[in-house]
Amino acid sequence: MKLILLGAPGAGKGTQAEVICKHLGIPAISTGNILREALKSGTEMGLKAKAFMDAGQLVPDEIVIGIIKDRLAEEDCKNGFILDGFPRTIPQAEALDASGVVIDRVIDIEVPDEKIVTRMSGRRVCEKCGATYHLLYKKPKAEGVCDICGGTLIQRKDDHPDTVKARLEVYHKETEPLIAHYKKQGVVKRVDGQEEVADTTRLTLAALEA
Ligand code: AMP
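Analysis parameters
- Residues numbered from 1 in each chain as written.
- Predicted model: local features only at pLDDT ≥ 70, side-chain atom pairs only at ≥ 80, totals over all residues.
- Heavy atoms only, no water.
- Pairing = 2+ DSSP bridges.
- Helix = DSSP H or I, 4+ residues; strand = E, 2+ residues; numbered from the N terminus.
- Contact = heavy atoms within 4.5 Å.
- Axes fitted to C-alpha atoms, helices over the stretch in contact; angles between N-to-C directions.
- Buried < 20%, exposed > 50% of the residue type's maximum accessible area, 1.4 Å probe, protein only.
- Salt bridge = Lys/Arg side-chain N within 4 Å of Asp/Glu carboxyl O.

A. View of the sheet that holds strand S6 (residues 132-134). Read from one edge to the other, the open sheet built from three strands follows the order S6-S5-S7, with strand pairing classed as antiparallel. A strand with exactly one partner marks an edge of an open sheet, and here the two such strands are S6 and strand S7 (153-154). Its contacts with the sheet place helix H6 (residues 113-121) against strand S5 (123-126) and S6, and it is angled at close to 30° to S5.

As structure tokens, then:
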């Protein structure tokens, strides 16, 4: 199955992508994660992307389209994949269409903006191993310290409240029109993001079956 998860940043796409990955045995591909890895390893692409990411803006289409084309050509994508965070603009979706990839389903996870701001502002990440936490929903055992590796928990620059607001604006302007793009292909299922992750997961898995 070839799947796209759509939704505002912080709607829970990453978490649901991991669940579906285990459920269906297909890889979850996150352009945000690939870009962060590139940044960590100091590649030219990562350095180019950094300023855009820190400001909550989108990285130019040609960079992310290149990333996705390379990734989808890998062997593990042969039987399907889950795209989390791509496409994010109409030109990205058109590039995917033009490459001959036929998407079976688009799951649109809807969460109101006010909830997104609370969720994302509370997000913390381990600077050493990348594990994620939340000040309200997934507290570490000791404040500011990673349960897994003892690393320091930090707030990603793009999770700062002002950046979150900028990212939401970009989402409404650039990414939301993709819902109409994929509705034309008759593949969109809407899921209302719930307070409890497990409830969203139940609805997401049901949307895969229907
Ligand atoms: P994410 O973790 O998916 O929220 O992505 C983090 C950041 O990476 C975004 O705010 C963008 O700056 C960049 N990014 C990730 N995916 C894309 C994409 N498909 N198009 C443009 N920029 C992206």
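B. Focus on the pairing of strand S1 (residues 2-7). Of all the six residues making up S1, five are buried; the element is thus mostly covered by neighbouring parts of the structure. Pairing geometry for S1 and strand S3 (residues 81-84), over four bridges, is parallel. Following the sheet pairing, Leu5 is matched in S3 by Asp84. Across five bridges, the pairing between S1 and strand S4 (residues 105-110) is parallel. In the sheet register, Leu3 faces S4, and the bridge partner there is Arg105.

C. How the structure looks around the pattern of salt bridges. The final tally for this structure, using the stated rule, is 13 salt bridges. Glu74 is the partner of Arg71 in a salt bridge, and the nearest nitrogen-oxygen pair spans 3.3 Å. Residue classification places Glu74 among the partly exposed positions, given a relative accessible area of 42%. Close ionic contact of Glu195 with Lys115 constitutes a salt bridge, the shortest N to O distance being 3.4 Å. Separated by 80 residues along the polypeptide, Glu195 in the loop between strand S8 (188-192) and helix H9 (197-209) and Lys115 in helix H6 bring together distant segments of the chain.

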